[in-house]
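Breakdown of the fold
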Amino acid sequence: MDFTFTEDQLLFQESVRDFLRNEVTPERIRASWESDSGREDALWAQLAELGLTGMTVPESSGGLGMSALDFVLLAQECGYVALPEPLVHTALVAVPALCDIGGELAEQWLPRVAAGEAKVVVGLEQNMLVEDAHVADLLLLQRGAALLAATPDQVSLRHNESVDPSRKLYAVDIDAAAAPVVEGEQAQRIVARALDHGALGSAAQALGLAQRMVDMSVQYTAERQQFGVPIGSFQAVKHHMANIAVRLEYARAPVHRAAYAIAHERANAALAVSHAKLAACEAANLAAKNCIQVHGAMGYTWEVDLHIFMKKAWALANTWGDAGYHKARVGERIFADGAVLGAGATF
Amino acid sequence: MKVSFSEEDEHFRTEIAGWLQDNLRGEFEKLRYRGGPGDEHMYPQERQAWEQRLAEGGWTCVGWPQEYGGRACSIEQQVIFFEEYARAGAPGRVGHIGEGLAGPTIIAFGSDEQKAKYLPGIVAGTQLWCQGYSEPGAGSDLANVKTRARFDEARGKWIISGQKVWTSLAHESDYCFLIARTDPDSVAHKGLGFFLVAMDQPGVEVRPIVQITGTSEFNEVFFDEAECDAADIVGAPGDGWKVAMGLLGFERGVSTLGQQMQFQNELDQVVALARENGAAADPVIRQRIAKAHAELKIMRYNAMRMLSGQSGGDGSLQKEALIYKLYWASWHRSLGELAMDVMGPECEILPAAPYELSRLQAMYLFVRADTIYGGTNQIQRNIIAERGLGMPKEPRGNA
Ligand SMILES: Cc1cc2nc3c(=O)[nH]c(=O)nc-3n(C[C@H](O)[C@H](O)[C@H](O)COP(=O)(O)OP(=O)(O)OC[C@H]3O[C@@H](n4cnc5c(N)ncnc54)[C@H](O)[C@@H]3O)c2cc1C
């Protein structure tokens, strides 16, 4: 039993953290809201150069061959800066799905993803809309019991706005030309794994988002004075922050545990992921609520950066399975015939 | 105690319902269900025209005494008015700050001259008001206002300089009631005056502030040597705090009834959606809806109890008044969360570009402000504990 990360994992997290915090500033995010695609090729190239787009790509295909467990800390950092680029989607959803599909398709696309030359996105029916379809070079789309691979010329896209202006969502219509790449049970398995990977990515980002909102609010409440003292000195304000800290700290372990279960393909991975997503998104929602509250009217403005993070947390809580979906999933496992519960089945 | 309406009241109901049916159509049809929380930026001109239509029918300021142009409706009739108004889906009132706050304050504390000058415009729906209390340094600590009012003997006018912030609807308003320091050496709630200031003058600049909804309902307002007639101070210099606090009492008055009806409309919409998209089959959602329903009824009964003033001389009435803001604001914030959970994955998707929110999405964001304006939840709890329960006061720093 060891919940700590290796020195390598922590060092990598630190260098990625430095990079993201320097580069992906709130100003840059706001600028991306004004641009057509909302995405920056130059930034993507930098992420590729750091090895991030190829993190989870096997070494044989030009990647670093790392696992979801290696990536989970980085996904937290992506959340902390509310990164608009689909890095978490790439490393935690698209690449694993390509690996699962295997064969020629994987051989053809994985090296290009690792090199930052191509973007691949996955669209599941659970999500209704497809993230970042407008910048994808390949779309892996669930249609009932089949998974199709389509290139941009084979689809037509309809843009939908998200409550998070950074998220780009599309309804995708496929022309008949796109053929299924996997069907039946195998497709179902890949779809189920993709959903778990997506949910894990959202959970990890939610931790980062919550941490960011906490950091901003701790700073703001130390600076803002009312009644001649910093508002952070009022017990009511402190308790708002402490309540988040409790939820947030305790949400980390389930997220890391879920990353482990996914990386090691444990049988209970789905259960661990649902638990992680619930805990992390609850923490992020509480952070959003309490942090706006301690900001007073400032927290209700577009100009203060808080809403950048609040809205991403709002969106992520409802994709890759919303709270109702994941609670139902946990419930089903607990009440399943022959479910192994109790002492000895803690992990 | 009596919780039913008389025959006369029911006649009144038929009258207002019929009037709304006859008038909320044609050019006003599109205003149905618009202009509510998070949607205040919509159709300002049309809603002011609607305000004037209401006035023509005698349906503004229905609770005011007749001598001031009101309809002198009983509490029961006001309840009915707000019920029918909400049932018809009639739009958010652009005149609510004048009718609910400025007017009652002028009636209670103003001079005859002020009454004659300002009340008719409020009743007619032709003059809109905004509330200039908050400043960058004076939010929860409202008594910390720094805006100054100096009497210029030569001009015979008050000269006002300073900055207000978060001023709702200032960009639409003809007048602002504000508190400013008449005694430059004073601190806290001493030495303040309460002024009625025209917005359309060179010394007043309004800058909109964009809200998290992407729209703008509140503003920064800069006063740079703005003028205010000598006759337009309410009460004497130094009385500002007393008048301002009296006004906050009106904020918890009859206008809350209208608000509850609007809450009912929102809850109905959540219920309808839950039926439609199947969320109603989820027992957790059902229970949360049932809880929201019960709590809204609690609010309703207590508002009527508060307004009917029948809770005796034991001081409990006063406590209810203190409790109300915290209760409704917290309830409304939870309703926003419930609405999003009922929407499910769709709650992320906007109806239209560039940033047009659906009614429920706008509500979810707006309710974040409910627990902040008009005294934050934390300040409300302090008031309940300190004034309601008589507990020792919090340390307040050195100010
Ligand atoms: C949508 C909206 C519309 C508004 N419209 C108007 C308007 O028309 N006119 C107007 O004058 N104002 C208006 N306001 C301003 C509103 O009244 C203030 O926002 C409110 O009084 C809180 O002040 P603040 O925003 O400066 O927050 P702050 O006072 O800075 O409070 C920040 C946080 O500190 C907490 N806090 C502060 N003091 C204490 C304490 N002693 N104990 C415990 N906790 C404390 C607060 O609860 C809050 O969580 C509006 C605000 C909003 C959001």
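About the thresholds
- Every chain's residues receive numbers from 1 upward, in the order its sequence appears when written.
- Working convention: letters from A go to chains and numbers from 1 go to ligands, in the order in which they are written.
- In keeping with the model being predicted, local features are shown solely for residues with a pLDDT of at least 70 and side-chain atom pairs are shown and tallied solely at 80 or more, while totals for entire chains, interfaces and linings include all residues.
- Hydrogens and water are ignored here; the side-chain numbers use all heavy atoms of the structure.
- Elements are defined by DSSP. Helices are runs of H or I of four residues or more, strands are runs of E of two residues or more, and each kind is numbered from the N terminus.
- Contacts are residue-level and defined by heavy atoms, with any inter-residue pair within 4.5 Å sufficient.
- Under the convention used here, a 1.4 Å probe and the Shrake-Rupley method define accessible areas, while residue burial counts only the protein chains that appear.
- A positive count includes Lys and Arg, and a negative count includes Asp and Glu. His and the chain ends are not counted in either.
- Charged groups are reduced to one reference atom each: NZ for lysine, CZ for arginine, CG for aspartic acid, CD for glutamic acid.
- Any Lys or Arg side-chain nitrogen located within 4 Å of an Asp or Glu carboxyl oxygen qualifies as a salt bridge.
- Type-normalised accessible area, obtained with a 1.4 Å probe on protein chains alone, sets the label of each residue: buried when under 20%, exposed when over 50%, and partly exposed for intermediate values.
- Any two strands with at least two DSSP bridges between them are considered paired.
- Throughout, an axis means a line fitted to C-alpha atoms (over the contacting stretch in the case of helices), and angles, computed between N-to-C directions, take values from 0 to 180 degrees.
- We call a residue near a given molecule or strand whenever any one of its heavy atoms falls within 4 Å of it.
- In protein, a polar contact means a hydrogen-donor-capable atom and an acceptor-capable atom, both N or O and within 3.5 Å, with residues adjacent in sequence counting only if both atoms are side-chain atoms; elsewhere, any N or O pair within 3.5 Å suffices.
- An automatic or database domain assignment is the source of the domain bounds shown.
- Accessible surface is computed with a 1.4 Å probe, and the buried area is the amount of it that two parts give up when combined, taken over both parts together.

Secondary structure assignment for chain A yields 11 helices and 9 strands. Considered along the principal axes of its C-alpha atoms, chain A spans approximately 70 × 55 × 35 Å. Long-range pairs, those at least 24 residues apart, make up 70% of the contacts in chain A between residues at least 6 apart in sequence. Counting only carbon and sulfur atoms, one obtains 52% of the accessible surface of chain A, whose full area is about 14100 Å². Once the 27 positive and 42 negative side-chain charges of chain A are each reduced to a mean point, those two points are 8 Å apart.

Attention now moves to the pattern of salt bridges. Residue and element names in this part refer to chain B. With the rule as written, the count across this model stands at 37 salt bridges over all chains. Across the pair E227 and R155 runs a salt bridge whose closest N-O atoms are separated by 2.8 Å. Taken as a pair, E227 in strand β7 (residues 218-229) and R155 in the loop between β2 (148-152) and β3 (157-168) lie far apart in primary sequence, 72 residues in all. By relative accessible area, which is 29% here, E227 ends up partly exposed. Among the residues examined, R155 registers a relative accessible area of 40% and is labelled partly exposed.

Another point: the sheet that holds strand β4 (residues 146-150) of chain A. Residues and elements named next belong to chain A. Pairing within the open sheet is mixed, and its 4 strands lie in the order β1-β3-β4-β7. What marks the edges here is a single partner per strand, and that holds for β1 (120-123) and β7 (180-183). Strand-to-strand twist of the sheet, defined as the mean angle between neighbouring strand axes without regard to direction, takes the value 20 degrees. Of the pairings in the sheet, the one linking β1 to strand β3 (residues 138-143) comprises 4 bridges and is parallel in character. Counterpart to G123 in the pairing with β3 is L141.

Around the ligand, the surrounding shell holds 28 residues, and the nearest of these are Q293(A), S140(B), W166(B), T376(B) and Q378(B). With respect to the ligand, its neighbouring residues span chains A and B. A distance of 2.7 Å separates an oxygen atom of the ligand from a polar atom in the backbone of Q293(A). Contact distances for the ligand include 2.6 Å between an oxygen atom and a side-chain N or O atom of T376(B). Relative to its free-state accessible area of 970 Å², the ligand is covered by the protein chains to the extent of 95%. Those elements that provide at least two residues to the shell around the ligand are α8 (235-263) and α9 (269-295) of chain A together with β3 and α11 (377-388) of chain B. Two domains each put at least three residues into the shell around the ligand: domain 2 (129-240) and domain 3 (252-388) of chain B.

Here the focus is the interface of chain A and chain B. Counting residues at the interface gives 37 residues for chain A and 46 residues for chain B. Buried area between chain A and chain B, both sides added, is near 3600 Å², and the carbon and sulfur share of it is 63%. Counting across the interface, chain A meets chain B through 2 salt bridges. We note a salt bridge from K289(A) to E337(B), for which the minimum N-O separation is 3.1 Å. Viewed at the interface, chain B and chain A are joined by 20 residue pairs in polar contact (both at pLDDT 80 or more).

What follows deals with the domain arrangement of chain B. Residue and element names in this part refer to chain B. The assigned domain composition of chain B is domain 1 (7-94), domain 2 (129-240) and domain 3 (252-388). Spacing between the C-alpha centres of domain 1 and domain 2 amounts to 30 Å. Facing the 5 residues of domain 1 at the interface are 5 residues of domain 2. Together, E40, H41 and P44 form the three largest contributors to the area buried by domain 1 at its contact with domain 2, with a combined 68%.

As a further point, take the environment of F309(A). All names here are of chain A. By the element assignment, F309 lies in helix α10 (residues 306-317). Separated by 104 residues in sequence, F309 and Q205 have C-alpha atoms that sit 10 Å apart. Sequence-distant contacts of F309, defined by excluding residues within four places in its chain, comprise G79, Y80, V81, A82, L209, R212, M213 and M216.

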